[in-house]
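# Remarks on the overall topology
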Amino acid sequence: TWICQYKGSSGINAEYGCTVILRIAPSFIRFGSFEIFKSIDKYTSRLGPSTGNKDLLWQMLRYVIKRFYPHLLESGESEEDRIVSLYREIMEKTAVLVASWQAVGFCHGVLNTDNMSILGLTIDYGPYGFMETYDPGFICNGSDSGGRYSYEQQPGICKWNVKKLGEMFALVVPQERLDEELTRWETVYTEEYHKLMRRKLGLLTVEPEDSSLFANLFDAMYETHSDFTKTFQLLQEADFLDSYDEYIVCRSMASNCLSLEEVKKTLKPKFSKADCTALLQVVQKFNLQQDGGAGFNPLAMYGIEVGTVLRDHQIHTNLQKFSDMTQESRNQQCIDSWKTWICQYKARIERDNSNYTDADNYKSTRFEIQKKSNPVIVPRNHILQRAIDRAELGDYSITRRLLEVSENPFELSFCTDQWMAERDVGDKGAAVVT
């Protein structure tokens with residue numbers, strides 16, 4: 001089956017092949033499924049179609065427990081306690097899920113309550129993206145101009161969604177009990193995230209200062225514009241024990257950094273510097289926050305997001321910084337940034353080795369853990385675009401190859417096509433297709 005679709009500004013209609021995509025999951029009951037019971041909203045004046053129908057709410061809750069959390073029926077708890085336990089498990093599953101996203105640079109794109117699974121699964125990720133050049137403000141959804149669902153916002157927005165689910169559960173159980181469970185979100189999320197980061201870095205013991213090590217790593221990645229996935233591959237391949245060579249390791253890490261001209265290509269502000277300065281003054285004058293709020297926001301009248309202004313301000317600041325830099329000084333900046341962190345990391349590995357109970361197998365054990373934690377390949381946009389373009393010409397060889405390597409993302413032997421493991425260094429948001 002073919003459809004005729006208008007193609008861009010050329011005014012040419014083009015035919016595209018159609019297909020049916022079947023989404024599969026154990027359940028598509030979402031947080032938003034429970035919002036049919038929502039009472040009238042004070043901002044929108046909208047209300048759910050089943051407002052006040054507690055019998056139906058109980059029916060849904062009992063079904064979810066019986067079908068997906070049957071162990072709660074065997075706990076001997078009261079029905080109220082079971083609902084609280086259900087909420088606790090959904091909260092924990094969601095926190096673990098978003099921690100796993102952050103650990104591989106995955107951005108969902110549309111994290112509203114209707115796209116959150118009660119089973120802690122990744123569903124409804126239409127405009128998703130895997131980060132290439134590390135940027136905490138990475139946005140994969142072109143319509144998310146304010147950055148509400150950006151990479152760095154994902155843990156917070158998932159917690160907010162869990163809170164909204166709790167408001168629906170609170171129609172039949174005390175809100176205070178649910179709020180008490182939600183206070184554990186940061187603990188559950190942080191413990192899981194730190195566990196995953198230790199695995200990615202091959203650390204077999206725990207130290208309280210590890211959070212600083214992780215934060216400094218991402219600071220170095222951001223400052224040097226390093227590729228997210230490749231960074232962990234290079235760290236995995238480096239020898240920090242028997243034959244450590246600081247020069248070789250730092251040069252290797254610097255090879256993963258964007259050049260000065262490549263960095264400039266990625267810095268694409270929406271507003272001119274003068275307009276951005278004026279808009280920033282409005283943001284500061286009215287104390288506007290990126291997450292919105294109920295206060296007066298003059299920018300909203302013009303469809304301007306606070307997040308866009310703040311990001312543009314940072315972009316213009318970076319453009320000024322890089323305009324005063326030479327490629328030689330850029331190279332030295334990257335080496336110096338990585339040298340500082342590599343020294344911290346090496347010292348941590350040495351302590352890890354000393355404290356690990358099985359010292360004879362330390363090196364092989366950490367390497368095996370890293371291999372299972374750091375994907376060699378992720379579905380980058382330029383890879384997918386190349387597969388689409390070839391498929392439209394009737395050539396499905398890249399599609400089949402992509403499927404093969406995606407089924408074994410942690411196996412280097414499956415990724416023999418070097419271009420599949422490399423980032424797009426063209427203009428930000430554009431695909432490099434050959």
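Residues numbered from 1 in each chain as written. Predicted model: local features only at pLDDT ≥ 70, side-chain atom pairs only at ≥ 80, totals over all residues. Heavy atoms only, no water.

### Observations regarding the overall build of the chain
Formally: Secondary structure elements are defined from DSSP: runs of H or I of at least 4 residues count as helices, runs of E of at least 2 residues count as strands, and each element is numbered from the N terminus. Relative accessibility under 20% of the residue-type maximum defines a buried residue, over 50% an exposed one, and the middle range a partly exposed one, all with a 1.4 Å probe and only protein chains included. For this analysis, residues touch if any pair of their heavy atoms sits within 4.5 Å. All accessible-area figures derive from a Shrake-Rupley calculation using a 1.4 Å probe, and residue coverage is judged against the displayed protein chains alone. When charges are counted, Lys and Arg contribute as positive and Asp and Glu as negative, whereas His and the chain ends are disregarded. Charge coordinates come from a single atom per side chain, which is NZ of Lys, CZ of Arg, CG of Asp or CD of Glu.
When helices and strands are counted, the chain shows 15 helices and four strands. For the chain, the C-alpha atoms occupy an extent of roughly 70 × 65 × 55 Å along the three principal directions. Counting the 434 residues in the chain, one finds 44% classified as buried. Put simply, of all contacts in the chain between residues at least 6 apart along the chain, 67% involve residues at least 24 apart. Roughly 23000 Å² of accessible area belongs to the chain as shown, and the carbon and sulfur atoms make up 52% of that amount. On the chain, the mean spot of the 49 positive side-chain charges and the mean spot of the 60 negative ones are 3 Å from each other.

### Here's the deal with the nonpolar core
Heads up, the condition is: Definition of nonpolar core: a set of buried residues of the types Ala, Val, Leu, Ile, Met, Phe, Trp, Tyr and Cys, connected through side-chain atoms within 4.5 Å.
Membership of the largest hydrophobic core comes to 81 residues, with the highest contact counts inside it found for Phe34, Phe169 and Leu201. The dominant element in this core, judged by the number of residues it contributes, is helix 2 (residues 79-104), at 12 residues. Contact partners of Phe169, with chain neighbours within four places excluded, come to Phe34, Leu61, Ile83, Leu86, Tyr87, Ile90 and Leu178. One finds Phe271, Leu288, Leu299 and Ile304 within the second-largest nonpolar core, a separate group that totals 10 residues.

### Focus on the packing of helix 5 (residues 185-201) against helix 13 (residues 362-371)
When two helices pack together, their arrangement is given by the angle between the helix axes and by the axis-to-axis distance. Threshold: Axis definition: a line fit to C-alpha positions, over the contact stretch in the case of helices; interaxial angles, taken between N-to-C directions, run 0 to 180 degrees. The classification used treats Ala, Val, Leu, Ile, Met, Phe, Trp, Tyr, Cys and Pro as nonpolar, Asp, Glu, Lys and Arg as charged, and all other residues, Gly among them, as polar.
Relative orientation of the contacting elements helix 5 and helix 13 amounts to 115°, with a least axis distance of 7 Å. Of helix 13, the residues touching helix 5 (which contributes Arg199, Lys200 and Leu201) are Arg366, Ile369 and Gln370. Each residue belonging to the contact of helix 5 with helix 13 can be placed in one class, and the counts come to two nonpolar, one polar and three charged.

### Digging into the packing of aromatic side chains
As a reminder, the rule being used: Note on aromatic pairs: the rings of Phe, Tyr and Trp (six-membered ring only in Trp) are paired at centre separations within 6.5 Å, and the planes decide the class, stacked below 30 degrees, edge-to-face beyond 60, tilted for the rest.
Under the definition given, this model contains 22 aromatic pairs. Here Trp101 and Phe106 contribute two aromatic rings whose centre-to-centre distance is 5.6 Å and whose plane-to-plane angle is 55°, an arrangement assigned as tilted. Ring centres of Phe218 and Phe228 lie 6.1 Å apart, and the angle between their planes is 25°; on these two criteria the pair is classed as stacked. On the criterion of sequence distance, the pair formed by Phe218 in helix 6 (residues 210-224) and Phe228 in helix 7 (residues 228-237) is long-range, its members being 10 residues apart. Under the relative-accessibility criterion, Phe218 is labelled buried at 8%. Under the relative-accessibility criterion, Phe228 is labelled buried at 1%. Following the ring pairs from residue to residue traces out a cluster consisting of Trp101, Phe106, Tyr125, Tyr128 and Phe130.

### Some remarks on the state of the cysteines
Note the threshold: By definition, disulfides here are pairs of cysteine sulfur atoms that lie within 2.5 Å.
Under the definition given, this model contains zero disulfides. Not part of a disulfide, Cys257 finds its nearest cysteine sulfur in Cys334, a span of 3.8 Å.

### Quick look at a nonpolar patch on the surface
Threshold: Every patch collects residues that have over 30% relative accessible area and no salt bridge, joining them within 9 Å if they carry like charges and within 5 Å if they are nonpolar side chains (Val, Leu, Ile, Met, Phe, Trp, Tyr). Should a side-chain nitrogen of Lys or Arg be within 4 Å of a carboxyl oxygen of Asp or Glu, the pair is scored as a salt bridge.
A surface patch of nonpolar side chains, about 510 Å² in accessible area, is lined by Phe286, Phe296, Met301 and Tyr302. When you line up the elements, Phe286 lands in the loop between helix 10 (273-285) and helix 11 (306-323). Of the residues examined, Phe286 reaches a relative accessible area of 34% and is grouped as partly exposed.

### Focus: empty space enclosed by the protein
To locate leftover empty space, one rolls a probe as large as a water molecule over the atoms. Threshold: Whether a set of points on the 1 Å grid over the protein atoms alone is a cavity depends on a 1.4 Å probe fitting there but being unable to get out, while an open set qualifies as a pocket with protein on both sides within 12 Å along at least five of seven lines; lining residues are those with an atom within 4 Å of a point. Grid points are joined across faces, edges and corners, and a volume is the space filled by probe spheres set on the points.
For the structure shown, the criterion picks out two cavities of 30 Å³ or more. There is about 40 Å³ of room inside the largest cavity. Lining the largest cavity, in full, are Thr94, Leu97, Trp101, His108, Asn115, Met116, Ser117, Gly120, Leu121, Thr122 and Ile123. Counted by class, the lining of the largest cavity contains five nonpolar, six polar and no charged residues. Here the second largest cavity defines a volume of roughly 40 Å³. If you go around the second largest cavity, the residues you meet are Ala103, Val104, Lys200, Phe228, Thr229, Phe232, Asn374 and Pro375. Contributions of two or more residues to the lining of the second largest cavity are made by helix 2 and helix 7.

### Points about the side chain of Glu181
Note that Glu181 resides in helix 4 (residues 175-182). By relative accessible area, Glu181 is classed as buried at 11%. If we ignore the near neighbours within four places in the chain, the residues touching Glu181 are Val84, Tyr87, Arg88 and Met91.

### Re the side chain of Asp227
Rules: Polar contacts here mean pairs of N or O atoms no more than 3.5 Å apart (in protein, one a potential hydrogen donor and the other a potential acceptor; neighbouring residues in sequence count only if both atoms are side-chain atoms).
As for its position among the elements, Asp227 is in the loop between helix 6 and helix 7. The buried category is assigned to Asp227, whose relative accessible area is 1%. Within the structure, Asp227 has its side chain in polar contact with the backbone nitrogen of Thr229 (distance 3.4 Å). At a separation of 2.8 Å, a polar atom in the side chain of Asp227 contacts the main-chain amide nitrogen of Lys230. When neighbours within four sequence positions are excluded, Asp227 is seen to be in contact with Glu132, Thr133, Asn256, Arg380 and Arg423.

### Quick notes on the environment of Leu56
The residue Leu56 is located in helix 1 (residues 54-68) in this model. Look past the residues within four positions of Leu56 in its chain and what remains in contact with it is Ile36, Phe37 and Ser50.

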